[in-house]
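Remarks on the overall topology
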Amino acid sequence: MGNLYAQTRSISGTVADEKGELLPGVSISVKGTTVGTNTNAEGRFTLNVPTNGTTLLVSFVGMQSKEIPLTSESTYAIVLNSDTKALDEVVVIGYGSARKSDLTGSVASVKSEQLTQIATPNVTQALQGRVAGVDVTANSGEPGGASRIRIRGVGTINNSDPLYVVDGFQTADISFLAPTDISSMEILKDASATAIYGSRGANGVVLITTKRGRSGPAKFTLDGYAGVQNAWRKQSLLNASQYATLRLEAYRNDGTVLDPTGQEYQILTNAVQSNMVGTDWQKEVMQSGSIQNYTLNVMGGSDKSRYSLTGTYFGQDGIVKNSSLRKYFLRFNNDYTFTNWLTGGVSAAFSRTNKTFTNNDLFAGVLTTALRAEPITPAWNSTTNNWGRTIVSQENNPARAASEMAGNKGYESLLNANAYAEASFLKHFKLRSQFGVNYRNTHNKQYLPEFFLDIKELRANSQLTELRGEQTQWVSSTYLTYDNDFGKHHVGAMIGTESQRLTYADFGITAYDVPSNADLRYLSSSRNANSYNVTSTQSDESILSFFGRANYSYNDRYMLTATLRYDGSSRFLPSNRWGLFPSFAAGWNITDEPFMANLNAISNLKLRAGWGQVGNQNSANNYGYVTTISGGNRYVFGNQIVEGFAPTMASNPSLKWETTTSSNIGIDADFFNHSLSLTADYFVKTTTDMIVRVPVPVFVGVGPPYVNAGSMRNNGIELALNYRNEVGDFRYDLGVNFTKIKNEVTSLGGGTGIESANVIGNWGNITRTSVGREIAYFYGMKTDGILRTQEEANAYNAQYKPENAAQAGDVRFVDTNGDGVISSDDRVYLGSATPNFGYGINANFGYKNFDLKIFFQGVQGVEVVNALDYFTRNSQGIWNSVPDRLNRWTPENTNTNEPRMTAKDANANYRFSDRFVQSGDYLRLRNVTLGYTIPKTVTERWKMSTVRAYMSVDNLLTVTGYKGLDPEIGEYGYNRSYNPLAVGVDVGTYPQPQTWRAGLTLNF
């Protein structure tokens, strides 16, 4: 045999699908011999073939096998056609790739065209509703707003964000990627799949492969769309006359007599008598916003060098005035074949963001003030030639606040660069080394002008705040793989090491009395050079890792996988720095068993099971084990005042990893000649050593330290079902995914429940996290309607002896603990933002050259706190109200559930209770797209391969019982600072826009 193959020659090439996308893991062999290889992660191969070899056999799961005659050529560009009767393609996994039929872990794939169906520059938002077990919620609908992504539930009270791996580079932020950059995306969900990433895999891993070049002449793709956005819903509010009626009634009910000559009395009375409509503040601050996106890609190359260059521009003017985003993306990939045993490549991406930040603060935000400001005042007072002043509600003028946002700018430049080299040797071995750098530079600039409306709404001095930040991250990975077949046995192994470091530093300066001229808005232009406020933060962290994986399969039927990772993190002291994270998984391709031979309806059936442990180093703060101190403390020594520092939090040198243990069992099945596919998983995920702050006695004098004392459990089921078929020229593809997860806190180290989300001072904390319940449930008073008569009120007062006697028309609060007193001790569970289940529905239809895509997404069994109701359902009449308040209790209208008007509100009707908790269930038609592809007989005359025009609309329809601006509510916060224990609290969140657009795609 050795003599037979002694004379060989080297060939190389690529294997792609019909769309030109290069395929990793394709099997290539010389017919009649044992000589063969697989394409690498970039879809390329090199092979030493015997001189007497005549034919290449090329096969790939999901594609039709092909025989390629060997000629005198040394390079081959092979194209495989899809085989709808076969399994799906090879998928990327941690530090490699695998055939889907060989997977033992829970891995989901998302197609690139699905990621571009929604008009957004945010890749994570494009994932919403696409994958079972992956929950994506927008924290804000503003341009460039952040999204909250949770894979298989919330795993900790701390950081539950997943890890992203882009072409092998690990990062927590993928904002440098445009959706059009992505070739494929895989989501690793269970520990047997994520354990290879060890300390960063507890919250799931999202693997992203960007589009890469291919051999052949340059191919250009131009895709662009433009459209308009509007609010899908506005809040119904009272007009000026209705508002004034309720305000005057509140005074009368309290026995308060207004001075008839006073300004407020005259304003309110005039509004009622003139039947005034007044100002629509939502109209004053909202608009129709434009949106546009243009992408140009060119790819091509030779057998030695392949390239892909993509540029994208995204522009969006939000539905709130002066909220906008301009973003530029540039991405370049280049892969090289140096010799038949050495390949390499580089990737580089640059993004530049220019964003106007929206003020989302509950008390001073644009939308929040627009929803509660009284409608009597005009937005602009033509008499004073100045902004109108809301005299009665004492709110900031929302239109002025919206105008002021124009000076709240954020700029970000992000550079990501990655280089690799891969060497093949001794036939079955490959050594790959990769080094990547991520550099981010931020510059936020907020200018607040001087203004004067009256003594309560003014800014005596303008101020300019500039925040500059710099972050650098590098990741270096080297790993060796071995892959070989011994008859029916297949053995694979991988070992490697990795190191990474991230440094961050920022500083902020606020200067006062800065000119309003845009050309002079610089810190150095301050007329008050002696008054500056300076802040700064710094951090430095690193991880060193060793990892390995072993795979074994017999006859492509029985599969075993084991992984092990050993991580050391600078976030912990040496005694607890290192963590060991193992996983094991098995798979059984039942279809290949002899007893399945006659079951023709079942095309494929595989059983998977796995167990593993992963860590979550992101739950620990940098230097979280030390005692922290703070300044700003003044002491007197020797009759002199000196600055001092005092400890604020106790230390815990024993702080260590949070660990998540996960078990998973799943099936993958195809029926009826692969036209119907089913994936089902059941999982249990338990987090132990969860980092919490256990209370310490007050006399200690410092805050409680972080300790590993908590635990949390998630268990659930995931289902994904897809059916595709063709009937003549009509083709269709229908898919649905379903996720049900139960979350439970199982320990807080003996401490009491954690209360959080103090969004309104009068409410206090409104969420609670305690043992036996899901994270961050709503916690407040229960109510039992309205005290409809004074007799009912008298009986209520006699029984519960409230501090201030209730009256007819007040809210009846429930004494839940039975102690005969209505107090904060009666607070109970009121629901939570953790849904009972979520789902996505996808339907694609095609007839000849027409295509139609429809995509639904929804959640069920979720509650939302409408915090704006504290203002817009108020009994004082200070703020504007929703129309329901017109049905308030009066002596003539007792059959109602709306409390009376009262400026004093002695019964505290508006303390936090179930009256502010609403169902957040919704079904949303996320996207409808109708497209038409011009026939090739026409486009070929134009020297083009594809021309497709389409119309698309996002958020066309939302079915919900929620009465706020939008039922999709993430975590409370703004400016990238969000509280995971305040999820589902709506403080006037910037709603999701409805987007209409037209687009064109050209390939030439």
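Residues numbered from 1 in each chain as written. Predicted model: local features only at pLDDT ≥ 70, side-chain atom pairs only at ≥ 80, totals over all residues. Heavy atoms only, no water.

1. Description of the overall build of the protein chain
Helix and strand content of the protein chain: eleven helices and 55 strands. Taken over C-alpha atoms, the radius of gyration comes to 32 Å for the protein chain, in line with the 30 Å a tight globule of 1004 residues would show. Each principal axis of the C-alpha atoms in the protein chain carries an extent, and together these give about 110 × 70 × 70 Å. Split into buried and exposed, the 1004 residues of the protein chain put 53% on the buried side. Sequence separation of 24 or more characterises 69% of the internal contacts of the protein chain that already satisfy a separation of 6 or more. As presented, the protein chain carries roughly 41900 Å² of accessible surface, and 55% of it is formed by carbon and sulfur atoms. The average position of the 89 basic charges and that of the 89 acidic charges among the side chains of the protein chain differ by 4 Å. (Helix = DSSP H or I, 4+ residues; strand = E, 2+ residues; numbered from the N terminus. Rg over C-alpha atoms; globule rule 2.2 N^0.38 Å. Buried < 20%, exposed > 50% of the residue type's maximum accessible area, 1.4 Å probe, protein only. Contact = heavy atoms within 4.5 Å. Areas by Shrake-Rupley, 256 points an atom, 1.4 Å probe, with all protein chains shown as cover. Lys, Arg positive; Asp, Glu negative; His and termini not counted. Charge placed at Lys NZ, Arg CZ, Asp CG, Glu CD.)

2. Description of unusual backbone geometry
Positive phi outside glycine occurs at asparagine 385, with the angle close to 55°. As for its placement among the helices and strands, asparagine 385 is situated in the loop between β22 (380-381) and β23 (386-387). Within the chain, lysine 801 stands out as a residue other than glycine whose phi angle is a positive 45°. Structurally, the position occupied by lysine 801 is in the loop between α9 (790-800) and β44 (811-813). Taking relative accessible area as the criterion, lysine 801 reaches 63% and is therefore assigned exposed.

3. Overview of the sheet that holds strand β6 (residues 66-69)
One open sheet holds the four strands; their spatial order is β3-β2-β5-β6, and the pairing between them is antiparallel. Because the sheet does not close on itself, it has two edges, and the strands there are β3 (36-38) and β6. Across the sheet, the mean angle separating the axes of adjacent strands is 20° when strand polarity is ignored. Across four bridges, the pairing between strand β2 (residues 27-30) and strand β5 (residues 55-59) is antiparallel. (Pairing = 2+ DSSP bridges. Axes fitted to C-alpha atoms, helices over the stretch in contact; angles between N-to-C directions.)

4. A short note on the sheet that holds strand β10 (residues 107-111)
Taken in spatial order, the five strands make up an open sheet running β10-β15-β16-β13-β14, and their pairing is mixed. Sheet topology places β10 and β14 (169-171) at the edges, where each strand pairs with a single neighbour. Taking each pair of neighbouring strands and ignoring which way they run, the sheet shows an average axis angle of 20°. Where strand β15 (residues 182-188) lies against strand β16 (residues 205-210), six bridges are found, and the strand directions are antiparallel. Paired with isoleucine 182 across the strands is threonine 210, a residue of β16.

5. Examining the nonpolar core
Ranked by internal contacts, the top residues of the largest apolar core, which has 55 residues, are Val759, Trp763, Phe912 and Val985. Going through the elements one at a time, α6 (281-285), α7 (366-372), α8 (398-404), β37 (676-693), β38 (706-727), β39 (730-748), α10 (869-872) and β53 (977-983) are the ones with two or more residues in this core. For this core, the leading source of residues is α7, giving four residues. The contact partners of phenylalanine 912, leaving out residues within four places of it in the chain, are Trp763, Ile766, Phe778, Tyr779, Gly780, Met781, Leu830, Val865 and Val917. Within the second largest apolar cluster, 23 residues are counted, among which are Ala108, Val136, Ile149 and Leu414. (Core = buried A, V, L, I, M, F, W, Y, C linked by side-chain atoms within 4.5 Å.)

6. Remarks on the confidence of the model for the protein chain
Counting all residues, the mean pLDDT for the protein chain is 91, and 97% of those residues have values of 70 or more. Ignoring residues within four places in sequence, the model shows residues 1-5, a span with pLDDT below 50, making six contacts including any to other chains. Confidence over residues 84-88 falls short of pLDDT 50; this stretch has 16 contacts with residues more than four positions distant or in other chains. (pLDDT = per-residue confidence, 0-100.)

7. Overview of the packing of aromatic side chains
A full pass over the atoms with the stated rule returns 34 aromatic pairs. For the pair tyrosine 313 and tyrosine 328, a centre-to-centre distance of 5.2 Å together with 45° between the ring planes defines the contact as tilted. Taken together, the positions of tyrosine 313 in strand β19 (residues 305-317) and tyrosine 328 in strand β20 (residues 324-337) put the pair 15 residues apart, joining distant regions of the chain. Owing to a relative accessible area of 22%, tyrosine 313 belongs among the partly exposed residues under this scheme. Residue tyrosine 328 is classed as partly exposed on the basis of its relative accessible area of 41%. Aromatic side chains tryptophan 763 and tyrosine 870 sit 5.6 Å apart centroid to centroid with 85° between the ring planes, which places their arrangement in the edge-to-face category. Here tryptophan 763 is found in the loop between β40 (754-756) and β41 (767-769), whereas its partner tyrosine 870 is found in helix α10, with 107 residues between them in sequence. You can call tyrosine 870 buried: its relative accessible area is 9%. A network of ring pairs unites the aromatic residues Phe363, Trp763, Tyr870, Phe871, Trp879, Tyr910, Phe912 and Phe916 as a single cluster. (Phe/Tyr/Trp six-rings, centres within 6.5 Å; stacked < 30°, edge-to-face > 60°.)

8. Some words on helix α5 (residues 263-273)
Residues of α5 that are buried include every one of Leu268, Thr269 and Ala271, and no others. Summarising the axial view, the buried residues of α5 lie within an arc of 160°, below the 170-degree limit, and thus occupy one face. Contacts from the buried residues of α5 go to α4 (240-253). Just downstream of α5, asparagine 275 is the residue with a positive phi angle, here 50°. (Arc of directions from axis to C-beta.)

9. Quick word on the pattern of salt bridges
Under the defined criterion, the tally for this structure stands at 47 salt bridges. Arginine 565 is the salt-bridge partner of aspartate 567, the closest N and O atoms lying 3.0 Å from each other. One salt bridge in this structure joins arginine 926 and glutamate 968, with 2.5 Å as the shortest N-O distance. Of this pair, arginine 926 sits in strand β50 (residues 922-933) while glutamate 968 sits in the loop between β51 (946-960) and β52 (971-974), placing them 42 residues apart in sequence. Overall, the relative accessible area of 5% leaves arginine 926 in the buried class. The class for glutamate 968 is buried, based on a relative accessible area of 3%. Beyond isolated ion pairs, a larger network of salt bridges with shared partners links Arg389, Arg400, Glu404, Asp454, Glu457 and Arg459. (Salt bridge = Lys/Arg side-chain N within 4 Å of Asp/Glu carboxyl O.)

10. Structural notes on a nonpolar patch on the surface
Residues Tyr558, Trp588, Phe595, Leu607, Ile665, Tyr682, Ile717 and Leu719 make up a contiguous nonpolar surface patch of about 700 Å² in total accessible area. Looking at the secondary structure, you find tyrosine 682 in strand β37. (Patch = residues over 30% accessible without salt bridge, like charges linked within 9 Å, V, L, I, M, F, W, Y side chains within 5 Å.)

11. Overview of the environment of proline 835
As for its placement among the helices and strands, proline 835 is situated in the loop between β45 (828-832) and β46 (837-847). Take proline 835: its relative accessible area is 24%, and that puts it in the partly exposed class. Proline 835 sits 93 residues away from lysine 742 along the chain, and the two C-alpha atoms are 8.7 Å apart. In this structure proline 835 touches Ile741, Val859, Gln860, Gly861 and Val862, once residues within four positions along its chain are discounted.

12. Digging into the pairing of strand β11 (residues 134-138)
Within a regular strand, side chains alternate between the sheet's two faces. Among the five residues in β11, four count as buried, and that is most of the element. For β11 and strand β12 (residues 147-151), the ladder comprises five bridges, and the chain directions are antiparallel. Residue pairing in the sheet places valine 134 in a bridge with isoleucine 151 of β12.

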